[in-house]
Amino acid sequence: MSMILSASVVRVRDGLPLSASTDYEQSTGMQECRKYFKMLSKKLSQLPDRCTLKTGQYNINFISSLGVSYMMLCTENYPSVLAFCFLDELQKEFITTYNMMKTNTAIRPYCFIEFDNFIQRTKQRYNNTRSVSTKMNLADMQTEIKLRPPYQISMSELGSPNGFAHLSVGECKGTGKISAAPHQRLEPVTLPGIVSFVLSLLCGALNLIRGFHAIESLLQNEGEDFSYVIAFFLGTAACLYQCYLFVYYTGWRNAKSFLTFGLICLCNMYLYELRNLWQLFFHVTVGAFSTLQIRLRQPQGKSPDYNV
C-alpha cells in the first residue's frame, strides 16, 4: 500500500531533532530506516535543500529551509510529487508556528513534540491520495520538481548504517564535492578553557620571541649554543599544538596532550639557565593547566533516543 509512514523535523546545523511523528511500527525495515534518518541528520548542512534516498522498499525524502530540515519516510511507490507537497506543508506550518529564535536556541531533543499533532493530521490526509485537499498544489510542485529535481542519494554513497560511515556525495548545488566526515563535535567551551587557550598562545608567543633573540645572539656570538634556539621553537610548537588539541577532536587526544606537556617540561628544563624560577613556573603551570582543560573538554555524547 502506498503511504507515508513517519516524519520528523530536524535542525540543520547539528542534526538536533525538534519534532517527530510517534511511530508504533517496529519492523526491521523501519528500524533500519531510523539509522538512515540519523545518518542523514548529521550531514544535512552538506547536502542540497531537496534530496531523496531510496532504501529498497522505502524512500526517505527531505527539504531544508531557514536552518530546519523536514524529513519523511514513505513506501517506495508513494508519488514523489505528493511526498514533497507533504513536506512543503509541514515547512509552512512549522515556520508559521515557531520563530527562528526558538529553533536556533533549542537545546533539548524533541522540544517541539507538540507539532506531532499537525504531522499526524497531515499524514493521514496525504495517505488518502483521493482526497481533493492533497491535490491543491500538485501542479505547481510537479513543475518545480521537473525544473529542479531532488538530488538522488544512492545507498553506496551513504555507506553502512553503523554510525561510522560518511557520505561521499558528488557535486551538490554546483559547489564541488562534499568533504569527508568532519571532526567530532566537542563540548561547549568554558571560561577556564578560554583562559588556558589564551595563556597557551601567550607562552607560544614568548617562546617565539626568545627564539628569534637567540638566533640574533647566535649570529653575533659564534660561541652561543644553537640548541637553545631549537628548545625555544619546540616550546612554541608545543604550546600551539595544545591550542589545537583544545579546539579540535583527534584520535588519542588525551595521550597527545600529555606528551605535549612533557615536551614543554623538557624544553623548560633545558632552558633553565636562560630563565628564572618564576618564568619556568609560569610556563610549566600554563602547560599543566592547558592539559587539564583538554582532558576535561570531552566529545559531546549522542542525543538520547526517545523512540519517536
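Analysis parameters
- Residue numbering note: each chain is counted from 1, following its sequence as written.
- Only residues with pLDDT of at least 70 get local features here, since the model is predicted, and only at 80 or more are side-chain atom pairs given and counted; chain-wide, interface and lining totals rely on the full set of residues.
- The basis for every side-chain value is the complete set of non-hydrogen atoms in the structure, without hydrogens or water.
- Runs of E in the DSSP output that reach at least two residues are strands. Runs of H or I that reach at least four are helices, and both are numbered from the N terminus.
- Each residue is placed in one exposure class: buried if its accessible area under a 1.4 Å probe, protein chains only, is under 20% of its type's maximum, exposed if it is over 50%, and partly exposed if it falls in between.
- Using a 1.4 Å probe, the Shrake-Rupley method yields the accessible areas, and only the shown protein chains count as cover for residues.
- Salt bridges are counted wherever a side-chain nitrogen of Lys or Arg sits within 4 Å of a carboxyl oxygen of Asp or Glu.
- Simply put, an axis is a line fit to the C-alpha atoms, just over the touching stretch for a helix, and the angle between two N-to-C directions goes from 0 to 180 degrees.
- Relative orientations are named as follows: roughly parallel for angles under 35 degrees, roughly antiparallel for angles over 145 degrees, roughly perpendicular for angles from 65 to 115 degrees, and oblique for any other angle.
- By definition, residues are in contact when any of their heavy atoms lie within 4.5 Å.
- Gly falls in the polar group here, along with every residue not listed as nonpolar (Ala, Val, Leu, Ile, Met, Phe, Trp, Tyr, Cys, Pro) or charged (Asp, Glu, Lys, Arg).
- Any pair of N or O atoms that falls within 3.5 Å is considered a polar contact. Within protein, one atom must be able to donate a hydrogen and the other to accept it, and sequence-neighbouring residues count only if both atoms are side-chain atoms.
- Here the expected span of a helix is defined as 1.5 Å times the quantity of residues minus one.
- UniProt positions are given in the numbering used here, feature names are shortened, and annotations may be inferred rather than shown by experiment.

Of the regular secondary structure elements, the protein holds 10 helices and six strands. Each of the 308 residues in the protein was classed as buried or not, and the buried ones make up 43%. Of the roughly 17,000 Å² of accessible surface on the protein, a fraction of 61% belongs to carbon and sulfur atoms.

Further remarks concern the pattern of salt bridges. Following the criterion strictly, the structure yields four salt bridges and no others. For Asp49, the salt bridge goes to Arg148, with nearest N and O atoms at 2.9 Å. Here Asp49, found in the loop between helix H1 (28-41) and strand E3 (50-55), pairs with Arg148, found in the loop between helix H5 (138-147) and strand E6 (151-153); they are 99 residues apart in sequence, far enough to count as distant. Overall, the relative accessible area of 40% leaves Arg148 in the partly exposed class.

Quick look at the packing of helix H9 (residues 253-270) against helix H10 (residues 277-296) now. Look at H9 against H10: their axes get within 9 Å of each other, and the N-to-C directions meet at 180°. It follows from the interaxial angle that H9 and H10 lie roughly antiparallel. Contacts from Arg253, Asn254, Ser257, Phe258, Phe261, Ile264, Cys265 and Asn268 in H9 reach Leu280, His283, Val284, Gly287, Ala288, Thr291, Ile294 and Arg295 in H10. Here the residues of the contact of H9 with H10 sort into eight nonpolar, six polar and two charged.

Turning next to the side chain of Asn127. On the secondary structure map, Asn127 appears in helix H4 (residues 116-127). Residue Asn127 is classed as buried on the basis of its relative accessible area of 19%. For Asn127, the side chain forms a polar contact with the main-chain nitrogen of Ile4, separated by 2.5 Å. With residues near it in sequence (within four places) discarded, Asn127 still touches Met3, Ile4 and Tyr78.

Turning our eyes to something else, we now look at helix H7 (residues 191-220). When the terminal C-alpha atoms of H7 are compared, their 44 Å separation across 30 residues agrees well with the 44 Å that a helix rising 1.5 Å per residue should span. Among all positions in H7, only Gly193, Ser196, Ser200, Cys203, Gly204, Asn207, Gly211 and Ala214 are buried. Structurally, H7 contributes buried residues whose contacts are with helix H8 (226-247) and H10.

Here Gln293 is to be found in helix H10. Its relative accessible area of 7% is what places Gln293 among the buried residues. A polar contact of 3.5 Å, which involves the side chain of Gln293, links it to the backbone nitrogen of Gly193. Apart from residues no more than four positions distant in its own chain, Gln293 is found in contact with Thr190, Pro192, Gly193, Ser196 and Phe246.

It is worth spelling out unusual backbone geometry at this point. A positive phi is found at Leu66, a non-glycine position, where the angle reads about 55°. Tracing the backbone shows Leu66 in the loop between strand E4 (58-65) and strand E5 (68-75). In this structure Leu66 comes out as partly exposed when scored by relative accessible area, which is 48%. Phi is positive for Tyr110, close to 60°, though the residue is something other than glycine.

Another point: the environment of Ser69. Turning to its location among the elements, Ser69 is positioned in strand E5. A residue is classified by how much of its surface remains accessible, and Ser69, at 0% relative accessible area, is buried. A sequence separation of 54 residues divides Ser69 from Gly15, and the C-alpha atoms of the two residues are 8.9 Å apart. A polar contact is formed between the side chain of Ser69 and the backbone oxygen of Ile63, at a distance of 3.2 Å.

Compared with the 26 Å implied by 1.5 Å per residue over 18 residues, the 26 Å span of helix H2 (residues 80-97) between its first and last C-alpha is a close match. Regarding H2, the residues found buried are Val81, Leu82, Ala83, Phe84, Cys85, Phe86, Leu87, Leu90, Gln91 and Phe94.

With that out of the way, let us pick up the environment of Phe281. As for its position among the elements, Phe281 is in helix H10. Judged by relative accessible area, which is 53%, Phe281 ranks as exposed. Residues Phe281 and Cys265, spaced 16 residues apart in sequence, show a C-alpha to C-alpha distance of 10.0 Å.

Our next topic: the UniProt feature "transmembrane region" (unreviewed entry) in the protein. The positions that UniProt labels "transmembrane region" (unreviewed entry) are, in the present scheme, residues 189-209, 229-248 and 255-272. Taken end to end, residues 229-248 has its terminal C-alpha atoms 29 Å apart, with 95% of it in helix and 0% in strand. Taken end to end, residues 255-272 comprises 89% helix and 0% strand; its first and last C-alpha atoms sit 26 Å apart.

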